Amino acid sequence: MAQSLKVKENSATWAASTQSRIPLSRNYHVENYLVKIKVTHDNGATPVFYNEGVFSLINNIQLIGNGNENIKQMPANKLYIDSILRSGKNGGNSLDTTANKTGLTSYVWARINLSMPNSVRPWDTILWTKPFQSLDLMIDWASSANIGSNITVTAAEMTVFSNQLIGYSRAKGEVIKYYEETALKEEVTGTNAQLTFNLPVNKLYRAISIVSTINGLRADTVINSIKLKSGQTVFCDWDAEAFNEHNKETYRIESSTDFKGIYVVDFAERGRLSDMLNTIVAQGGYNTLELVLNVTKQTGSNFVDVYFDTVKQTTATEV
């Protein structure tokens, strides 16, 4: 039997282009961290938030154990995608676009998932914090310009709340697994029928999410088709539009606007970790992984973000 424990961890204060550290408690198993990003800002004549709005004030979030174990390393924008995929809708938020006004407040809520959502047994990947000598959330703050146009940030903070379990333990002999999230970003500088990303191997892939933007706004006119392969083995080769529609049905997305320009290749749609794509060479997995996109350069600044959801399977068991 396990009991739920809710802990308010700590907060970090924004300063442009700096890094903050939030030390986290290390006692029990953590299902997720609930975070609130609150921003105080002044608006000009035509204020516009970019799609992920307040999330974009954070360039990168890292969850680090023992100073060098990267469990999470991703832009805060990934938290927006995680909310959509987990619940089918955007998390709690309030974005104030009142023109020509100062001292306004906007905020977003999101979860950093440790128990992998959309799986039959989410707690397979629950984070056991007790073995770590240190556990920190590192926040790389961006500049005010990142969240939109005609919006000037004057203050901001991120507050973290942990959702833990007391008395939980894995089954006897079950190895510890971590749900890892990482990302990469590539600028689209021209139309290309085979824009190729050589993805890292020696990983167990749960899903790969691909997002395209034009001038900071998600767009569905940049990516035409998506292929994922290893050598001659092709895992998927679909039009981007087909992927987007398939994802909206699979994850029960409530608003097409919320999911514009987002495409998810999910290897475990049945929710079973045994379905994950294995690229661990020592286990006989695929030794290469290539993401090939057919892209059309649009007017403005075009970018593609690729987010990786992977599972690290250790050899350790709980004592």
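Going by the structure above, here's the rest.
Okay, so let's go over this structure. (Residues numbered from 1 in each chain as written. Predicted model: local features only at pLDDT ≥ 70, side-chain atom pairs only at ≥ 80, totals over all residues. Heavy atoms only, no water.)

With that settled, consider the sheet that holds strand β16 (residues 233–239). Pairing between sheet strands relies on hydrogen bonds along the backbone, with the strands arranged either parallel or antiparallel. The sheet built from four strands is open, its strands ordered β12-β19-β15-β16 with antiparallel pairing. This sheet does not close on itself; its edge strands, each paired only once, are β12 (192–198) and β16. The sheet shows a mean angle of 15° between the axes of neighbouring strands, direction not considered. Here helix α2 (residues 240–250) sits on the sheet and contacts β15 (223–230) and β16; the angle it forms with β16, its principal contact strand, is near 90°. (Pairing = 2+ DSSP bridges. Helix = DSSP H or I, 4+ residues; strand = E, 2+ residues; numbered from the N terminus. Axes fitted to C-alpha atoms, helices over the stretch in contact; angles between N-to-C directions. Contact = heavy atoms within 4.5 Å.)

What follows is about the side chain of Lys229. Position of Lys229 relative to the elements: it lies in strand β15. Excluding residues that lie within four positions of it along the chain, Lys229 makes contacts with Val234, Phe235, Thr288, Leu289, Glu290 and Val292.

Each turn of an α-helix holds 3.6 residues, which means side chains three or four residues apart point in the same direction. The element helix α1 (residues 77–87) is extensively covered by neighbouring structure, given that nine of its eleven residues are classed as buried. For α1, the full list of buried residues reads Asn77, Lys78, Leu79, Tyr80, Ile81, Asp82, Ser83, Ile84 and Leu85. Just downstream of α1, Gly88 is the residue with a positive phi angle, here 85°. (Buried < 20%, exposed > 50% of the residue type's maximum accessible area, 1.4 Å probe, protein only.)

Here the focus is empty space enclosed by the protein. Gaps left between atoms show up when a probe the size of a water molecule is rolled over them. Counted according to the given criterion, the structure contains one cavity of 30 Å³ or more. The volume enclosed by the largest cavity comes to roughly 130 Å³. Surrounding the largest cavity, 13 residues form its lining, Leu85, Pro117, Asn118, Tyr179 and Asp309 being those nearest its centre. Of all the secondary-structure elements, those providing two or more residues to the lining of the largest cavity are α1, β13 (204–214) and β17 (262–266). Across the lining of the largest cavity, the residue classes break down as seven nonpolar, two polar and four charged. (1 Å grid on protein atoms, 1.4 Å probe; cavity = no way out; pocket = protein on both sides within 12 Å on 5 of 7 lines; lining within 4 Å. Points joined across faces, edges and corners; volume = space filled by probe spheres on them. Nonpolar A, V, L, I, M, F, W, Y, C, P; charged D, E, K, R; others polar.)

This model, assessed by the stated rule, comprises 16 salt bridges. Close ionic contact of Asp82 with Lys78 constitutes a salt bridge, the shortest N to O distance being 2.6 Å. Here the residue Asp82 and the residue Lys78 both occupy positions in helix α1, the gap between them amounting to four residues, near one helical turn. A single burial state applies to Asp82 and to Lys78, both of which are buried. A salt bridge links Asp266 to Arg206; its shortest N-O distance comes to 2.9 Å. Of this pair, Asp266 sits in strand β17 while Arg206 sits in strand β13, and the two are 60 residues apart along the sequence. (Salt bridge = Lys/Arg side-chain N within 4 Å of Asp/Glu carboxyl O.)

Okay, the pairing of strand β4 (residues 58–65) next. The buried count for β4 comes to seven of eight residues, which makes it a mostly enclosed element. Across seven bridges, the pairing between β4 and strand β9 (residues 135–141) is antiparallel. Paired with Gln62 across the bridge in β9 is Met138. Note that β4 and strand β5 (residues 69–74) share five bridges and pair antiparallel. Residue pairing across strands places Ile64 opposite Asn70, the latter belonging to β5. Between β4 and β5, which pair antiparallel and follow one another directly, the connecting turn spans three residues, one of which, Asn66, has a positive phi of 55°.

This next bit is on the side chain of Asp305. Within the fold, Asp305 resides in strand β20 (residues 302–317). Assessed through its relative accessible area of 8%, Asp305 is described here as buried. At 3.1 Å, the side chain of Asp305 forms a polar contact with the side chain of Lys185. Ignoring sequence-local partners within four residues, the contact set of Asp305 consists of Leu184, Lys185, Ser209, Ile210 and Val211. (Polar contact = N/O pair within 3.5 Å; in protein donor to acceptor, adjacent residues only side chain to side chain.)

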